[in-house]
4 protein chains.
Amino acid sequence: MTYSVAIAGASGYAGGEVLRLLAGHPELEVRTVTAHSNAGQRLIDVQPHLRSYGDLVLQDTTAEILSGHDVVFLALPHGSSGALAAQLSADTLVIDCGADHRLEDKEDWDAFYGGEFNSAWTYGIPELPLSTGSQREFLAGTKRIAAPGCNASAISLAIAPGVQADLIDAVDIVSVLSVGPSGAGKSLKVDLLASEIMGSASAYAVGGVHRHTPEIAQNLRKAGAAEVSVSMTPVLVPMSRGILATTTARIKPGVTLEKLHAAWSAAYANEPFVQVLPLGQFPRTADTVGANTCLIGLALDENAGRVVVISALDNLTKGTAGAAIQSANIALGIPETTGLTTNGVAP
Amino acid sequence: MTYSVAIAGASGYAGGEVLRLLAGHPELEVRTVTAHSNAGQRLIDVQPHLRSYGDLVLQDTTAEILSGHDVVFLALPHGSSGALAAQLSADTLVIDCGADHRLEDKEDWDAFYGGEFNSAWTYGIPELPLSTGSQREFLAGTKRIAAPGCNASAISLAIAPGVQADLIDAVDIVSVLSVGPSGAGKSLKVDLLASEIMGSASAYAVGGVHRHTPEIAQNLRKAGAAEVSVSMTPVLVPMSRGILATTTARIKPGVTLEKLHAAWSAAYANEPFVQVLPLGQFPRTADTVGANTCLIGLALDENAGRVVVISALDNLTKGTAGAAIQSANIALGIPETTGLTTNGVAP
Amino acid sequence: MTYSVAIAGASGYAGGEVLRLLAGHPELEVRTVTAHSNAGQRLIDVQPHLRSYGDLVLQDTTAEILSGHDVVFLALPHGSSGALAAQLSADTLVIDCGADHRLEDKEDWDAFYGGEFNSAWTYGIPELPLSTGSQREFLAGTKRIAAPGCNASAISLAIAPGVQADLIDAVDIVSVLSVGPSGAGKSLKVDLLASEIMGSASAYAVGGVHRHTPEIAQNLRKAGAAEVSVSMTPVLVPMSRGILATTTARIKPGVTLEKLHAAWSAAYANEPFVQVLPLGQFPRTADTVGANTCLIGLALDENAGRVVVISALDNLTKGTAGAAIQSANIALGIPETTGLTTNGVAP
Amino acid sequence: MTYSVAIAGASGYAGGEVLRLLAGHPELEVRTVTAHSNAGQRLIDVQPHLRSYGDLVLQDTTAEILSGHDVVFLALPHGSSGALAAQLSADTLVIDCGADHRLEDKEDWDAFYGGEFNSAWTYGIPELPLSTGSQREFLAGTKRIAAPGCNASAISLAIAPGVQADLIDAVDIVSVLSVGPSGAGKSLKVDLLASEIMGSASAYAVGGVHRHTPEIAQNLRKAGAAEVSVSMTPVLVPMSRGILATTTARIKPGVTLEKLHAAWSAAYANEPFVQVLPLGQFPRTADTVGANTCLIGLALDENAGRVVVISALDNLTKGTAGAAIQSANIALGIPETTGLTTNGVAP
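Residues numbered from 1 in each chain as written. Chains lettered and ligands numbered in written order. Predicted model: local features only at pLDDT ≥ 70, side-chain atom pairs only at ≥ 80, totals over all residues. Heavy atoms only, no water.

- If you check an unreviewed UniProt entry, chain A appears there as N-acetyl-gamma-glutamyl-phosphate reductase from Aurantimicrobium photophilum.
- The UniProt entry for chain A carries this comment under Subcellular location (unreviewed entry): "Cytoplasm".
- Looking at the Function (unreviewed entry) heading of the UniProt record, one finds this comment for chain A: "Catalyzes the NADPH-dependent reduction of N-acetyl-5-glutamyl phosphate to yield N-acetyl-L-glutamate 5-semialdehyde." (UniProt positions renumbered as here; feature names shortened; annotations may be inferred.)

The structure is reproduced here in C-alpha cells:
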C-alpha cells in the first residue's frame, strides 16, 4: 500500500532529511512540500542534494495545502506547529519534528520554552526503556507523534537502561555533548558562520538551560526514576552532523562493569537501531552519519564511582527525521525498518 | 642578556610550537635543534611553517649535543626524557614538555604510565591556585621544570579556584573535553588520519584511564582538597588545535553564582594569561589559538547543584610550549610575558 | 535472482563503500569479505559504520577464497589485482576498483605506473560520451570491468561533451581539483594525518605527473579528440569525501554559452546519474556525498576564451564503488540504478 | 617614535587582523576603533580573541572620530571607503583594505564593481615584480595606500616573475584557488553557514566575473605584459583562512624548469615575505596562517607546455592586513618587517 505524504518546512535541514529518507521508502510517497520564504521555488534549487525530486515545487505552508494527505511531517521552528496541527484532520497521521508536543508538563514548557502550551503527543523513541511496557505499544495506531529532541535522544538512550535496571542514580547525571551545527538549522547568525565554527569548539546553553533538559527528565521518569537531575552542556564542534554524548551517572553500591554491560545489552537486545558495542569499544559519530543508528559504548570509572556512557547518533537522522519515519512506520503498521538503514556514510 | 637554547624533539608538534614562540623571544636564542628520524634534515623542510629558521639543521638527540646551552627544552615522547635529562648539567635550565617529571607519587606513575619513575620537577603552571603561597615562588630560580599536561591544565585552571575558595566538592568532579588531534603528536595511527577524524567526534581513554587524571588530582590537592575524584573523558573533534573543557563540580551549601564568579575572578585577578569572562560569556577555543591564554566562563546549574566551568586553551601553546616558556621566563628572572601573546589567531 | 558476491580489500575505504552500497542492493548478496592485515577480524570491528554486516569475518585475500562467487569486487592497492584476477574463472564477473586494467596503452602504464602491464578491461563509466556508440554496449555482458579513477571520472565527465560536440580544443585543457583525503586510502603517512590536513590546502602530483592523466586522455580520444593535452593538479582540502573539478578548455570560434550548455545537456539528457545544472548554478561536493551522482555546471569566460566546467562527485561513490556497481548492474542485465541513489547526504 | 592609529571596521575579520598584528607592533599604537552596528560595545566582546585590547570601546565610523590620528586603516565593505577617505587630512596616512582605490582604469571599475569610481592609490604589494623600478619606491612616503585583494595577491605574486622575465605568455593564464570563507567577511548568508561549508567544496564567481580579475591584469601589465588574459575560479573549501592558488601559464619556446625556477628565485631573492621553495616542494596554506608570508612552489608540465605555480598565503594576513601594515611601515620609513612574522601557526 502507498500512503500520500506532505512535508511542511521542506527547505530546512530536518525537512530535507525527511525527504532524503523518504526517497528510498517504498510505501510513503511524497506528494507535497511546503516552505515559507522559499515557496514558489523548485525543491531541488533549495535542497540541491535531493536530486530525485526533479521539478517538485515548494508551496506555502498552510493547513489547506497540507490537508488531504495520509501522512504529514511538520519540520517547523518551535512554536509553529501547534496551531497548524490543530487544523489537520484527526485521521491524518501527523508527525511533529519540532518541540511543541514533546513535553507533558506545562510547567516544564513554561520554564524552558514559553508561549502557548500544546498537549503532548505520542513520543517518538520506540526503543526508549520504560519501567513497564513498551513505547512501541503507544506508537502503534497513533495519529499524532512527537519526534524527539536530538540531544534528548542521545542522552536518554544512553542512560535510561541504567535507570530501568536500577543500577545508577538518576540524580546528578552529568552529560556533555559534542554537536554539529546542523541541529541549529539554517538560522542566519554570526555564531553559525563557517569562519566562526571551523577550527573551534564552544559551549552553549551552559548552566542547565538547554531546552532538552526537561524532555530527558521526562524520559528517565518513564524508565523508572523517582527523582531526576541532569546537568547537560552541549559543545558545538566543527562537523556538520552528529552528536557524541558523554553521559556519566553514579553507580549504586555493588554494581560492576559486567552488570552494567549486561543491563545495557539486554535493554537493546533486539533493537536494530540501537546497538551496544562490546566492552572496550566506543562509537564515533561518523559511523552513524545518515543512518538511523544510535551506537553506545560504556565503561566504569571505578575511582569516580561513575558509569561513563558514550552514545553517538546523527542529529538529523536518528535524532530527528529517522526517528520520525521509524515511528510513523510503527503507527501505520509498516515494518519498522522500512526506508531506514543502519549503515553510516563513513569516512 | 641572551640565553642559548637547544630544543630536543624539534620535528614534533610540541617542539615546533616551542620554536615558533621562541622566534619572537628577544632573550632566548635557539642554537640547536635535534630530532630522531629526521636528524640531518633542515628544520624548515620538516616544519615548513617555521620560515625564520632558514638553514638550521636537525641534529641527533644526544646529551652531548644538548650540552653547553643555557636552556634546554625537551619535547620528547613520554618515557624518553628521564635518562637524557640525568646527563645534563645541573646548571642548565631544563624544561621537560613530556610527562616524565610531573607526578610526585610513584604509585600514580606506576598506575597510569609505568616504566621507570623519575622524581618530580617544579611544575609549570605559574597561575595554579594553591592553598598557600604561589607556584611562581617555586619556579623562580629553579633549574628543572615539568611543563604540565595540556588537558590537566585546562581542567586544573578551570576548577582549582573553587577548591581553593572551598566553594565546591573536590570529589565527584566530572570533566569532558573537546580536543584536537595535535595533542596526540605525529603518530602514524589509522585513528589519527584525516579521513577518520574530519566530520566525526569520538571519545578515548574512557572510564578514568586518561594519564592526566592523577596530575589533576595532584594539582587540586595543592589547591587545598583533602580528597579528590575526577571523572575525565576527552573527545577527539575535528580541529587541529584546542581544548574546550566542560568541568562540573557539586557546589557546597549556600554557594551562589555571584560567590562563584567572585572567587574565580579573584583567583586570576592579576593574571595576564588566565582570564575569567563576565557572567553570561563562555570561551571558544578559536580565540586562544597560538596564544598563551586560558579563557574561563562559568555558570551555575541550580537544578543539578553543580557549577559548570568552560575553559579554553590551545593545547600546543598554553597547554604545552607557552607554559614551558612562561615558566622558563620566571626561572630565568625574565619578565613572565616575554615572547608570549594573549591574542589568538581567529577566525 | 540473487548473485553471490565477494569483496577483496574490504577493510579499506573503497571496499567499505562497495559494502555500504551493496547492503541496499536487492540482487547482489555479499558472502565473502577479505583483507590482508585485518584478516581474522570481524568486518564490523574494522569498518564500524557497516552495522548491517553483523558477525561477518574478514578472510585472507586469496584466489581460492574469492573463487566460487558470481561477482568479485577487487578493491586493492594498485599493482595487486592483476595476478589475482588472472586466477579467477572467466565466468565470474570481476570488477577491479584499482588502476591495473584501466589503460590500453602499455607506454602510458610504464610512464605513469610501472611494473607489470595488464591488458585493459571494459571501462566502467557508462555515461562516457563517445564519438560513436555507447559505453553501455561494451559493458553489457562483459565479465571484466575496470572501475575508473575518481579524478579521471570528474574531469572526463566534465569535459568530454565538448570534445564529442567539437566545441572545444582537446589540447591545453587545464583542470584543478579540490579533493578529500579518502581517495588516498588508509595509508599511514604524516601528510594524511588530521592535524596536517585540517585547516590547510595543499597541492600534490604537481606538474603533469598525476596517474589519472593518461586515463583522461584515453577517454577524450574515445570522445573524438585527435590530440589531447590536459594539465591536471589535485589540491587536497579538509573534507573526507568529494571531488570538485574546475576544468577549463579553449572554445572553438563562434561557440556561445548557449551552444555549450545545449551540448552538455544533450550528452547527459537521459542519464540518471550525471546531471547538468541550469545556467548560473554550480555544484557543491556535499550534494553528492554517498550518492552515485556527478553534477555539472558550466560558464563561459569570454575574456579568456575558455569554457569553465565545474563537476562534483563523491570519490568513493560515483568515483569508485558506485561506478563499479552501476557497471556491474549493466554487465549482469540488472536495472542500472539498482542499489544506487542520486540523493546526497547533506548538510 | 610612536604613531597614533585608528581602525575603521574593527568588528570585521580584516579589521580584527589589523588589530591582532598591531598589538605586537612597537611603533603603531591603536587609539581608536570604530564599527557600525557594533558601536558602543567593547572590542573584546565582539572580537574575543583580541584579549590585549582590554576595555577599548568601538565608536561610530565617522570622519570626525577617525581624524587626528597619524595612521588610519579602513577595513570597510567595498564602496564605503571612498567618501570617508575624502574627508581625512592629506597628511594622515590612510590605508584602505577594501577595493575602492585599487583599480586605475574606470572601465575596469565599472565592469566589475560599479558605483562611484575613486582614483587609485599607491598599491600595497611591495614585492610586486615590475618591468622597471620597484613598488617600494612608490610606497615610500606615500599618504594613501590601497591594500591588495587577497586572491589578486596570490595570483599576481605567483605568476608575475614569469611575465617580468618574459618566460611565459600573459595571455591564457588559468588560475583556480582554494579559499577559506573568512575572505567573504561576516556576511549573514546561507552559503556561508558552517553546515553548508564543512565537508564541501564549491566554486563561485565562475566564468571570469571575479572582481579581482582586472586587478591581476593591472599587476601583470606593470610586470611587463602587453596583453593579459586570466581565467580565474575561486573554490570555497572548509578552512577558515588561507588561499592556495594553482596558476598555470604557457611557457615560451625553449624555457626549461631550471630557467623558470631561477627567474622566480631571482624575483624574490631578497624578500623576507615571499619565498620560492626548492624544486619538488610545494606550499600548504597552514604554513602561512597568521604570517605575512607568501610561499611559492613551481613545476613544469612538459606535456601541457605550462608552468604550474602553487602559491599559498593567509588571506587575512599577507592577503590583507599584513600587506597593509607592511606597506604602512614602508610609507612611514619604519623597517618593513616591523610587527610582522614569517612563521605560520601550524598545525
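Next comes the rest of the description.
1. Brief notes about the sheet that holds strand β5 (residues 93-96) of chain C
- Ordered by their spatial adjacency, seven strands build an open sheet running β3-β2-β1-β4-β5-β7-β6 (chain C), and the pairing between neighbours is parallel. The open sheet terminates on both sides in strands that have one partner only, identified here as β3 (58-60) and β6 (122-123) of chain C. (Pairing = 2+ DSSP bridges. Helix = DSSP H or I, 4+ residues; strand = E, 2+ residues; numbered from the N terminus.)

2. Thoughts on the interface of chain D and chain A
- With 18 residues of chain D at the contact, the number on the chain A side is 18 residues.
- Roughly 1500 Å² of surface becomes buried between chain D and chain A when both sides are summed, with 65% attributable to carbon and sulfur atoms.
- Three residues stand out in chain D for area buried against chain A, namely D:Leu188, D:Leu193 and D:Met198, and they jointly supply 39% of the buried area on that side.
- Scanning the region where chain D abuts chain A turns up zero salt bridges.
- The tally of links between chain D and chain A comes to ten residue pairs in polar contact (both at pLDDT 80 or more).
- Counted by class, the side of chain D that touches chain A contains eleven nonpolar, four polar and three charged residues. (Contact = heavy atoms within 4.5 Å. Buried area = accessible area lost by both parts, 1.4 Å probe. Salt bridge = Lys/Arg side-chain N within 4 Å of Asp/Glu carboxyl O. Polar contact = N/O pair within 3.5 Å; in protein donor to acceptor, adjacent residues only side chain to side chain. Nonpolar A, V, L, I, M, F, W, Y, C, P; charged D, E, K, R; others polar.)

3. As for the interface of chain A and chain B
- Contacts between the two partners involve 41 residues from chain A and, on the opposite side, 41 residues from chain B.
- Buried surface at the junction of chain A and chain B, both sides included, amounts to about 3300 Å², of which 59% is carbon and sulfur.
- Counting the surface chain A buries against chain B, the share from its top three residues, A:Ala201, A:Val206 and A:Arg284, is 14%.
- Viewed at the interface, chain B and chain A are joined by six salt bridges.
- B:Arg284 serves as the salt-bridge partner of A:Glu196, at 2.5 Å between the closest nitrogen and oxygen.

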